[in-house]
Amino acid sequence: NRAALKILGYDSQEELMEVGFDMVASTVVDEDKKRLKESIESLVKAGDSVSVEYRARHKNGEIIHVMGNIKLLMENGELIYQRFLLDCTAQKQEEKKKERRQMELIQALSIDYNLVCFFDLDSGKGSPLSSADSQKELDTVFSEEMSFRESMEGYIQSFVHPDDREMLRNACSQEKLKEELSKK
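Residues numbered from 1 in each chain as written. Predicted model: local features only at pLDDT ≥ 70, side-chain atom pairs only at ≥ 80, totals over all residues. Heavy atoms only, no water.

Draft legend 1. Highlighting the overall build of the chain. The helix and strand inventory of the chain stands at eight helices and seven strands. Across the 184 residues in the chain, those meeting the buried criterion constitute 29%. Within the chain, counting contacts between residues at least 6 apart in sequence, those at least 24 apart form 34% of the total. For the chain, the computed accessible surface area is about 12,700 Å², with 50% contributed by carbon and sulfur atoms. (Helix = DSSP H or I, 4+ residues; strand = E, 2+ residues; numbered from the N terminus. Buried < 20%, exposed > 50% of the residue type's maximum accessible area, 1.4 Å probe, protein only. Contact = heavy atoms within 4.5 Å. Areas by Shrake-Rupley, 256 points an atom, 1.4 Å probe, with all protein chains shown as cover.)

Here it is, written out as structure tokens:
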């Protein structure tokens with residue numbers, strides 16, 4: 001249909017067919033063709049459908065990310081494939097951007113700090129993401145077996161001035177962090 005042609009950058013069905021189309025368009029990147037074909041072939045009876053994400057090459061050469069929904073229908077006594085395409089390139093780029101930001105944050109924190117940890121505020125369990133090899137004392141305070149509360153208390157007892165301990169306990173409690181993060 002026109003929308004699918006527009007997503008792929010073609011003016012007509014004939015123009016797309018010239019490039020090649022045998023169940024899977026030749027515009028689908030080679031690494032994704034087999035998976036897409038297997039998904040389509042998994043449809044057996046009328047009403048079966050499958051959604052599959054894959055990459056395709058736009059007419060201008062750019063790689064686009066497509067979410068395809070394929071449904072097997074009975075039309076005039078014949079089984080046919082009905083396809084819907086959704087261009088999800090912007091969403092994929094945003095996901096990659098977020099992943100890159102997270103890695104940059106971890107790297108930045110690793111440079112400025114001796115230890116970077118991840119804690120799940122629901123379960124209270126955590127693990128180190130990275131630590132400086134020379135910081136054995138920190139590694140004993142923050143271990144994979146410890147909970148958030150135990151790790152914070154160990155840190156506070158070992159590294160925080162006695163006058164500031166209670167203030168830090170209140171500011172960095174699991175409940176306080178969950179409350180603050182829920183606002184953002």
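Draft legend 2. Representation of the sheet that holds strand S5 (residues 78-87) within the structure. Pairing in this open sheet of three strands is antiparallel, and the strands run S3-S4-S5 from one edge to the other. Taken across any chain shown, the strands that pair with only one partner, and hence form the sheet edges, are strand S3 (49-57) and S5. Recorded for the sheet is a direction-independent mean angle of 30° between the axes of neighbouring strands. Across the sheet, helix H3 (residues 30-41) lies against S3, strand S4 (63-75) and S5, angled at about 160° from S3, the strand it touches most. (Pairing = 2+ DSSP bridges. Axes fitted to C-alpha atoms, helices over the stretch in contact; angles between N-to-C directions.)

Draft legend 3. Representation of the nonpolar core. Residues Leu8, Val28, Leu36, Tyr54, Ile64 and Ile70 are the most contacted members of the largest nonpolar core, which totals 19 residues. When residues of this core are traced back to their parent elements, those giving at least two are helix H1 (2-8), strand S2 (24-25), H3, S3 and S4. Setting aside residues no more than four positions away along its own chain, leucine 8 makes contact with Leu16, Thr27, Ala56, His58, Lys59 and Ile64. (Core = buried A, V, L, I, M, F, W, Y, C linked by side-chain atoms within 4.5 Å.)

Draft legend 4. Examining the side chain of histidine 65 more closely. Position of histidine 65 relative to the elements: it lies in strand S4. Other than its neighbours up to four places away in sequence, histidine 65 contacts Tyr54, Arg55, Leu86, Asp87, Cys88, Thr89 and Lys92.

Draft legend 5. How the structure looks around the pattern of salt bridges. A full pass over the atoms with the stated rule returns 17 salt bridges. Note that glutamate 15 is salt-bridged to lysine 59, the shortest N-O span being 2.5 Å. Placement of the pair is glutamate 15 in helix H2 (residues 13-19) and lysine 59 in the loop between S3 and S4, with a sequence separation of 44 residues. Residue classification places glutamate 15 among the buried residues on the basis of a relative accessible area of 18%. With relative accessibility at 42%, the residue lysine 59 sits in the partly exposed group. Of the charged contacts in the structure, one is a salt bridge between arginine 169 and glutamate 153, with a shortest N-O distance of 2.7 Å. Taken together, the residues span a long stretch of sequence, with arginine 169 in helix H7 (residues 165-171) and glutamate 153 in helix H6 (residues 148-159) at a distance of 16 residues. Taking relative accessible area as the criterion, arginine 169 reaches 25% and is therefore assigned partly exposed. (Salt bridge = Lys/Arg side-chain N within 4 Å of Asp/Glu carboxyl O.)

Draft legend 6. Region of interest: a positive patch on the surface. Taken together, the side chains of Lys96, Lys98, Arg100 and Arg101 define a basic patch exposed on the protein surface. Within the secondary structure layout, lysine 96 lies in helix H4 (residues 89-112). (Patch = residues over 30% accessible without salt bridge, like charges linked within 9 Å, V, L, I, M, F, W, Y side chains within 5 Å. Lys, Arg positive; Asp, Glu negative; His and termini not counted. Charge placed at Lys NZ, Arg CZ, Asp CG, Glu CD.)

Draft legend 7. Representation of the environment of lysine 33 within the structure. Tracing the chain through its elements places lysine 33 in helix H3. In this structure, the C-alpha to C-alpha distance between lysine 33 and alanine 56, residues 23 residues apart in sequence, is 9.4 Å. Apart from the residues within four sequence positions on either side, lysine 33 is in contact with Val24, Ala25, Ser26 and Val28.

Draft legend 8. Spatial organisation of the pairing of S4. The pairing of S3 with S4 spans nine bridges and is classified as antiparallel. For glutamate 53, the partnering residue across the bridge sits in S4 and is methionine 67. Where S3 folds back on S4, the antiparallel hairpin that results is connected by five residues, among which glycine 61 adopts a positive phi of roughly 100°. Pairing analysis gives 10 bridges linking S4 to S5, with the strands arranged antiparallel. Looking at the pairing, leucine 72 lines up with tyrosine 81 of S5. Turn length for the S4-S5 hairpin, with the two strands adjacent in sequence and antiparallel, is two residues, and the turn residue asparagine 76 shows positive phi of about 55°.

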